[in-house]
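# Topology and contacts: notes
For reference, the chains in residue letters:
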Amino acid sequence: MASTITTVTQTLVDSKVAAALRYLIPLLNSFSFKVDMTSRLKDDVIRVPIAVDPTPASKTAGTMGTAGGSVTGTSVTLSNFYYSAWDATEGNMASELFQNYWADKIAGSVYGLAKTVIDAALGVVTAANYGNTEGTDKLTVAAADFGQSDLALLWQYAATKIKQREISLGLNAAYAGALLGDSALACVFATGGTNFVQSGQLPRLIGMNTWAYPAFPANAQNLGGAVFGRAAVLVGTAPPVALAQSGEGDIVERRVITDAESGVACLYTMTATGGGTVTGECCLLYGVAKGQDAVVRLVSA
């Protein structure tokens, strides 16, 4: 008879992980994000690339221009080692339910780890890192008053300060909710074929990739959202070095799980004991750092 715990297919796991990360991908794409597929150790340093747009300049005939749009790299230390684990025990889990249950737990674990990385990246967005001048570095407005005119101001400040092609706007639940409740704005986008009131996903606003995230840091920064240039926040992740492999000790399966679209990768392990307890774990290393001064903060009044 085939073993219950070896019937969890890689295809099922990958599809569940992809579905779980779908709403986090726009957030990850707002940062300079480097996944190092080489297994690493805690506190290893990796280089996260920052692409700088070239600046137009007057050309002298017969000469080659001076490069002004080089790819540079900034060191990010993988100082954080995080895991998420779950289990199933004989007598509490029917064998025919195990495969879907297990694949769903893997997906939830990877989602939780990716969210931990995003939370850490948003924690970098502070007045000390990106300035505190009203009208340049930040816009202060209460969530209840947030509307189209404030969007225009955020775009204006970002166009002046950030000057990058890839710009994203992230909003916490209160500010995103204010937009969702703006009937005039909803009518404009519904006419354009985007019913974000129905889907709950925000469309592009004034040329900015826009996303809602309820877990902005709750701290003294009073951050309600931010406009990001992609080079503003640097994020590096890597799976850790595995000392034991599948079939060694009580390890049933051990491999790196990678989401093809987001690039998030973690080390997955399944163990089993003679007592009938099956345990799963996903873990990864990550680090975050400030990049360029390319953030306009939305601050709660």
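### Regarding the nonpolar core
- Among the nonpolar cores identified, the biggest contains 69 residues, and Trp102, Ile106, Phe146, Leu171, Val227, Phe228 and Val233 are the most heavily contacted of them.
- A per-element tally of this core places helix H3 (residues 95-122) first, with 12 residues.
- The residues contacting Phe146, other than those within four sequence positions of it, are Val141, Leu151, Leu154, Leu171, Tyr175, Ala178, Leu179 and Leu298.
- Residues Val48, Ala231, Leu234 and Ala289 belong to the second largest nonpolar core, which totals six residues.

### Focus on the packing of aromatic side chains
- With the rule as written, the count across this model stands at nine aromatic pairs.
- Look at Trp211 and Phe216: their rings are 5.9 Å apart centre to centre, the planes differ by 20°, and that puts the pair in the stacked class.
- Among the residues examined, Trp211 registers a relative accessible area of 3% and is labelled buried.
- Residue classification places Phe216 among the buried residues on the basis of a relative accessible area of 7%.
- Through successive ring pairs, a cluster of aromatic residues spans Phe31, Trp211, Tyr213, Phe216 and Phe228.
- The ring of Tyr130 carries Lys290 above its face, with NZ or CZ at 5.5 Å from the centroid.

### Some details on helix H5 (residues 148-161)
- The terminal C-alpha atoms of H5 lie 20 Å apart, and with 14 residues this matches the ideal 20 Å at 1.5 Å per residue to within 8%.
- Those residues of H5 that fall on the buried side of the exposure criterion are Asp150, Leu151, Leu154, Tyr157, Ala158 and Lys161. Relative to the axis of H5, the buried residues are bounded by an arc of 130° and lie together on one face. Facing away from the buried side of H5, by more than 90 degrees, are the exposed residues Ser149 and Thr160.
- One or two positions beyond H5, positive phi appears at Lys163, with a value near 55°.

### What to know about a nonpolar patch on the surface
- Together, Leu41, Val241 and Leu243 make up a nonpolar patch on the protein surface, roughly 330 Å² of accessible area in all.
- You can see Val241 is positioned in the loop between strand S9 (233-238) and strand S10 (251-258).
- On the basis of relative accessibility, which here comes to 38%, the residue Val241 falls in the partly exposed class.

### Some thoughts on the side chain of Ser32
- Among the structural elements, Ser32 can be located in strand S1 (residues 32-35).
- Accessibility expressed as a relative area gives 7% for Ser32, which makes it buried.
- If we ignore the near neighbours within four places in the chain, the residues touching Ser32 are Val48, Pro49, Ile50, Arg230, Ala231, Val233, Leu234 and Val235.

Parameters and conventions
Residue positions are given per chain, counted from 1 along the sequence in the order it is written. Whole-chain, interface and lining totals are the exception, using all residues; otherwise, since this is a predicted model, local features are given only for residues with pLDDT of at least 70 and side-chain atom pairs are given and counted only at 80 or more. Side-chain metrics rest on all non-hydrogen atoms present in the structure, leaving aside hydrogens and water. What we call a nonpolar core is a set of buried Ala, Val, Leu, Ile, Met, Phe, Trp, Tyr and Cys residues that are connected through their side-chain atoms within 4.5 Å. Note on classification: 1.4 Å probe, protein chains only; a residue is buried when its accessible area is under 20% of the maximum for its type, exposed when over 50%, partly exposed between these limits. In this description a helix means any DSSP run of H or I spanning at least four residues, a strand means any run of E spanning at least two, and both kinds are numbered starting from the N terminus. For this analysis, residues touch if any pair of their heavy atoms sits within 4.5 Å. The rule is short: rings of Phe, Tyr and Trp, with Trp giving its six-membered ring, pair when the centres are within 6.5 Å, and they are stacked under 30 degrees, edge-to-face over 60, tilted in between. Comment: the charge-over-ring label is applied if NZ (Lys) or CZ (Arg) is within 6 Å of the ring centre and within 35 degrees of the ring normal. Expected span of a helix, by definition, is 1.5 Å for each gap between consecutive residues, and there is one gap fewer than residues. An arc is given here, and it is the one of the directions from the helix axis to the C-beta atoms. Exposure above 30% relative accessible area and the lack of any salt bridge qualify a residue for a patch; like charges then connect within 9 Å, and the nonpolar side chains Val, Leu, Ile, Met, Phe, Trp and Tyr within 5 Å. With residues, only the protein chains shown are counted as cover, and all accessible areas are computed by Shrake-Rupley using a 1.4 Å probe. The working definition used for a salt bridge is a side-chain nitrogen of Lys or Arg within 4 Å of a carboxyl oxygen of Asp or Glu.

Purely geometric stuff here, so don't read any function into it on its own.
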